[in-house]
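Overview (structure and organization)
Chain by chain, the residues:
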Amino acid sequence: MGKIILVRHGQTQMNADRIYFGKLNPPLNPLGKIQAHEAKKRLETEITSYDFIHASPLERTKETAEIVNFLGKRISFDERLEEINFGIFEGLKYHEIVERYPKEYEESVANWKTYHYETGESLETLQKRVVEYIFSLDLEKDHLIVTHWGVICSFLSYVMSENLESYWKFKILNGGVVILEVKDNFPVLAKLL
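Residues numbered from 1 in each chain as written. Predicted model: local features only at pLDDT ≥ 70, side-chain atom pairs only at ≥ 80, totals over all residues. Heavy atoms only, no water.

Mapped onto the elements, Thr61 comes out in helix H3 (residues 59–68). Of note is the side chain of Thr61, whose polar atom sits 2.8 Å from the backbone oxygen of Leu58. Among all residues touching Thr61, those that are not within four sequence positions of it are His9, Ala55, Ser56, Val146, Thr147 and His148. (Helix = DSSP H or I, 4+ residues; strand = E, 2+ residues; numbered from the N terminus. Polar contact = N/O pair within 3.5 Å; in protein donor to acceptor, adjacent residues only side chain to side chain. Contact = heavy atoms within 4.5 Å.)

Okay, structure coming up:
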(Lines give C-alpha, C1' and ligand atoms only; values in the text may rest on other atoms or scores of the structure.)
Protein backbone atom coordinates (compact mmCIF):
# COMPACT_ATOMS: atom_id res chain seq x y z
CA MET A 1 0.00 0.00 0.00
CA GLY A 2 1.33 3.41 -0.98
CA LYS A 3 0.70 6.85 0.44
CA ILE A 4 0.06 10.28 -1.05
CA ILE A 5 1.17 12.90 1.47
CA LEU A 6 0.06 16.40 0.49
CA VAL A 7 1.61 19.44 2.19
CA ARG A 8 0.39 22.99 1.71
CA HIS A 9 3.17 25.59 1.55
CA GLY A 10 3.76 27.96 4.44
CA GLN A 11 2.32 31.44 4.54
CA THR A 12 3.47 34.27 2.26
CA GLN A 13 2.82 37.96 2.81
CA MET A 14 0.25 37.81 0.01
CA ASN A 15 -1.63 35.13 1.98
CA ALA A 16 -1.51 37.34 5.07
CA ASP A 17 -2.73 40.34 3.05
CA ARG A 18 -5.60 38.28 1.52
CA ILE A 19 -4.48 38.91 -2.06
CA TYR A 20 -5.63 36.67 -4.93
CA PHE A 21 -2.60 34.94 -6.37
CA GLY A 22 -1.73 31.65 -7.96
CA LYS A 23 1.03 32.19 -10.50
CA LEU A 24 2.57 35.16 -8.72
CA ASN A 25 5.70 34.03 -6.96
CA PRO A 26 6.19 35.44 -3.44
CA PRO A 27 8.53 33.70 -0.96
CA LEU A 28 7.53 32.45 2.46
CA ASN A 29 7.24 35.10 5.15
CA PRO A 30 8.73 34.48 8.64
CA LEU A 31 5.52 32.77 9.86
CA GLY A 32 5.50 30.64 6.70
CA LYS A 33 8.99 29.35 7.51
CA ILE A 34 7.86 28.43 11.02
CA GLN A 35 4.81 26.64 9.57
CA ALA A 36 7.04 24.66 7.19
CA HIS A 37 9.29 23.56 10.08
CA GLU A 38 6.21 22.54 12.08
CA ALA A 39 4.96 20.51 9.10
CA LYS A 40 8.35 18.80 8.94
CA LYS A 41 8.07 17.76 12.61
CA ARG A 42 4.57 16.33 12.02
CA LEU A 43 5.79 14.44 8.96
CA GLU A 44 8.75 12.94 10.83
CA THR A 45 6.35 11.70 13.50
CA GLU A 46 3.52 10.50 11.25
CA ILE A 47 5.18 8.98 8.19
CA THR A 48 8.87 8.54 9.12
CA SER A 49 9.70 7.77 5.45
CA TYR A 50 8.74 8.45 1.82
CA ASP A 51 10.03 7.21 -1.52
CA PHE A 52 9.72 10.38 -3.60
CA ILE A 53 9.18 14.10 -3.03
CA HIS A 54 7.46 16.33 -5.59
CA ALA A 55 6.69 20.05 -5.53
CA SER A 56 5.32 22.94 -7.47
CA PRO A 57 8.29 24.99 -8.75
CA LEU A 58 6.89 28.26 -7.35
CA GLU A 59 9.10 29.85 -4.68
CA ARG A 60 6.75 29.31 -1.71
CA THR A 61 6.40 25.59 -2.42
CA LYS A 62 10.07 25.21 -3.32
CA GLU A 63 11.11 26.71 0.03
CA THR A 64 8.57 24.58 1.92
CA ALA A 65 9.69 21.41 0.13
CA GLU A 66 13.33 22.09 0.98
CA ILE A 67 12.39 22.48 4.65
CA VAL A 68 10.09 19.44 4.97
CA ASN A 69 12.38 17.12 2.96
CA PHE A 70 13.73 15.45 6.11
CA LEU A 71 15.26 12.55 4.15
CA GLY A 72 17.17 14.88 1.82
CA LYS A 73 15.81 13.25 -1.34
CA ARG A 74 16.00 14.89 -4.77
CA ILE A 75 12.90 17.05 -5.24
CA SER A 76 11.01 16.63 -8.51
CA PHE A 77 9.47 19.98 -9.52
CA ASP A 78 6.51 19.97 -11.91
CA GLU A 79 4.35 22.86 -13.20
CA ARG A 80 1.23 20.65 -13.03
CA LEU A 81 1.43 21.06 -9.23
CA GLU A 82 1.24 24.88 -9.46
CA GLU A 83 -1.73 26.79 -8.04
CA ILE A 84 -4.60 27.88 -10.30
CA ASN A 85 -3.84 30.86 -12.50
CA PHE A 86 -6.32 33.60 -11.52
CA GLY A 87 -5.46 35.58 -14.66
CA ILE A 88 -6.59 39.22 -14.45
CA PHE A 89 -7.47 38.76 -10.74
CA GLU A 90 -3.85 37.98 -9.82
CA GLY A 91 -2.34 40.39 -7.30
CA LEU A 92 -5.66 42.02 -6.37
CA LYS A 93 -7.68 42.08 -3.16
CA TYR A 94 -11.35 41.08 -3.16
CA HIS A 95 -12.69 44.67 -3.23
CA GLU A 96 -10.32 45.56 -6.09
CA ILE A 97 -11.58 42.64 -8.17
CA VAL A 98 -15.22 43.60 -7.56
CA GLU A 99 -14.52 47.25 -8.47
CA ARG A 100 -12.34 46.65 -11.54
CA TYR A 101 -13.91 43.51 -12.96
CA PRO A 102 -17.54 43.35 -11.73
CA LYS A 103 -18.84 41.35 -14.71
CA GLU A 104 -15.96 38.85 -14.59
CA TYR A 105 -16.30 38.53 -10.82
CA GLU A 106 -20.04 37.76 -11.08
CA GLU A 107 -19.37 35.13 -13.70
CA SER A 108 -16.56 33.59 -11.64
CA VAL A 109 -19.00 33.13 -8.75
CA ALA A 110 -21.97 31.92 -10.83
CA ASN A 111 -19.91 29.42 -12.85
CA TRP A 112 -17.08 28.72 -10.40
CA LYS A 113 -16.21 25.24 -11.73
CA THR A 114 -16.00 26.14 -15.40
CA TYR A 115 -15.19 29.85 -15.35
CA HIS A 116 -11.94 30.41 -17.25
CA TYR A 117 -10.18 33.37 -15.65
CA GLU A 118 -9.22 35.82 -18.38
CA THR A 119 -5.52 35.17 -19.15
CA GLY A 120 -5.69 32.32 -16.60
CA GLU A 121 -7.44 28.96 -16.33
CA SER A 122 -10.52 27.26 -14.85
CA LEU A 123 -10.87 25.04 -11.79
CA GLU A 124 -11.76 22.17 -14.11
CA THR A 125 -8.44 22.67 -15.92
CA LEU A 126 -6.59 22.76 -12.60
CA GLN A 127 -8.25 19.55 -11.38
CA LYS A 128 -7.58 17.73 -14.66
CA ARG A 129 -3.84 18.48 -14.64
CA VAL A 130 -3.46 17.65 -10.94
CA VAL A 131 -5.35 14.34 -11.16
CA GLU A 132 -3.44 13.32 -14.29
CA TYR A 133 -0.12 14.08 -12.61
CA ILE A 134 -0.82 12.23 -9.37
CA PHE A 135 -2.28 9.17 -11.09
CA SER A 136 0.76 9.02 -13.39
CA LEU A 137 2.88 8.18 -10.31
CA ASP A 138 3.59 4.67 -9.02
CA LEU A 139 1.04 4.76 -6.22
CA GLU A 140 2.38 1.59 -4.64
CA LYS A 141 5.16 3.89 -3.38
CA ASP A 142 4.97 6.77 -0.89
CA HIS A 143 4.89 10.25 -2.46
CA LEU A 144 5.36 13.48 -0.51
CA ILE A 145 3.84 16.31 -2.59
CA VAL A 146 4.35 19.96 -1.57
CA THR A 147 1.84 22.19 -3.28
CA HIS A 148 -1.02 24.70 -2.93
CA TRP A 149 -4.51 24.95 -1.42
CA GLY A 150 -6.29 24.73 -4.80
CA VAL A 151 -4.25 21.73 -5.88
CA ILE A 152 -4.90 19.86 -2.63
CA CYS A 153 -8.63 20.66 -2.55
CA SER A 154 -9.15 19.81 -6.22
CA PHE A 155 -7.48 16.42 -5.69
CA LEU A 156 -9.40 15.69 -2.48
CA SER A 157 -12.63 16.67 -4.23
CA TYR A 158 -11.82 14.24 -7.03
CA VAL A 159 -11.15 11.47 -4.51
CA MET A 160 -14.42 12.20 -2.69
CA SER A 161 -16.75 12.89 -5.61
CA GLU A 162 -14.83 12.42 -8.90
CA ASN A 163 -15.55 16.06 -9.71
CA LEU A 164 -15.38 19.48 -8.02
CA GLU A 165 -18.47 19.12 -5.80
CA SER A 166 -16.39 18.81 -2.61
CA TYR A 167 -13.83 21.50 -3.54
CA TRP A 168 -14.88 24.07 -0.89
CA LYS A 169 -15.35 21.51 1.90
CA PHE A 170 -11.76 21.23 3.15
CA LYS A 171 -9.90 23.57 5.48
CA ILE A 172 -6.21 23.10 4.71
CA LEU A 173 -4.14 25.69 6.57
CA ASN A 174 -0.70 26.91 5.50
CA GLY A 175 1.69 24.12 6.51
CA GLY A 176 -1.21 21.65 6.68
CA VAL A 177 -0.65 17.96 5.90
CA VAL A 178 -3.08 15.50 4.30
CA ILE A 179 -2.34 11.77 4.16
CA LEU A 180 -4.10 9.41 1.77
CA GLU A 181 -3.51 5.66 1.68
CA VAL A 182 -3.64 4.02 -1.72
CA LYS A 183 -4.54 0.41 -2.50
CA ASP A 184 -5.09 -0.81 -6.07
CA ASN A 185 -4.85 2.81 -7.29
CA PHE A 186 -7.73 3.77 -4.96
CA PRO A 187 -6.84 6.66 -2.58
CA VAL A 188 -8.58 6.87 0.79
CA LEU A 189 -8.31 9.91 3.08
CA ALA A 190 -6.51 8.72 6.22
CA LYS A 191 -5.46 11.87 8.14
CA LEU A 192 -5.59 15.65 8.15
CA LEU A 193 -2.78 17.20 10.25
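Further notes follow.
Next up on the list: the pairing of strand E1 (residues 2–8). Two faces make up the sheet, and in a regular strand the side chains alternate between them. For E1, a buried count of six out of seven residues is recorded, marking the element as mostly surrounded by other parts of the structure. As defined by bridge partners, E1 adjoins strand E7 (residues 177–183) across six bridges and the pair is classed as antiparallel. Across the sheet, the residue bridging to Ile4 is Leu180, located in E7. Summarising the sheet, E1 and strand E6 (residues 142–147) pair through six bridges and their orientation is parallel. Residue Arg8 lies in a different strand from E6, and its bridge partner there is Thr147. (Buried < 20%, exposed > 50% of the residue type's maximum accessible area, 1.4 Å probe, protein only. Pairing = 2+ DSSP bridges.)

What follows covers the UniProt feature "binding site: substrate" (unreviewed entry) in the protein chain. UniProt tags Arg8, His9, Gly10, Gln11, Thr12, Gln13, Met14, Asn15 and Arg60 as "binding site: substrate" (unreviewed entry). Mapped onto the elements, Arg8 comes out in strand E1. Ignoring sequence-local partners within four residues, the contact set of Arg8 consists of Asn15, Thr64, Thr147, His148, Trp149, Ile152, Ile172, Leu173, Asn174, Gly175 and Gly176. By the element assignment, Asn15 lies in helix H1 (residues 13–16). (UniProt positions renumbered as here; feature names shortened; annotations may be inferred.)

Okay, H3 next. Counting buried positions over the 10 residues of H3 gives seven, a clear majority of the element. Among all positions of H3, only Arg60, Thr61, Glu63, Thr64, Ala65, Ile67 and Val68 are buried. Buried residues in H3 make contact with E1, helix H2 (30–46), strand E3 (52–55), strand E4 (75–77) and E6.

In this model, helix H7 (residues 149–161) (13 residues) spans 18 Å end to end at C-alpha, consistent with the 18 Å of a helix rising 1.5 Å per residue. By the burial criterion, the buried members of H7 are Trp149, Gly150, Val151, Ile152, Cys153, Ser154, Phe155, Leu156 and Ser157. In this fold, the buried residues of H7 make contact with E1, helix H6 (123–135), E6, E7 and strand E8 (186–192). (Expected span 1.5 Å × (residues − 1).)

Mapped onto the elements, Gln127 comes out in helix H6. A polar atom in the side chain of Gln127 sits 2.9 Å from the backbone oxygen of Ser154. Of the polar contacts made by the side chain of Gln127, one reaches the backbone oxygen of Asn163; its length is 2.9 Å. Beyond its immediate chain neighbours, meaning those up to four positions away, Gln127 contacts Ser154, Ser157, Tyr158, Asn163 and Leu164.

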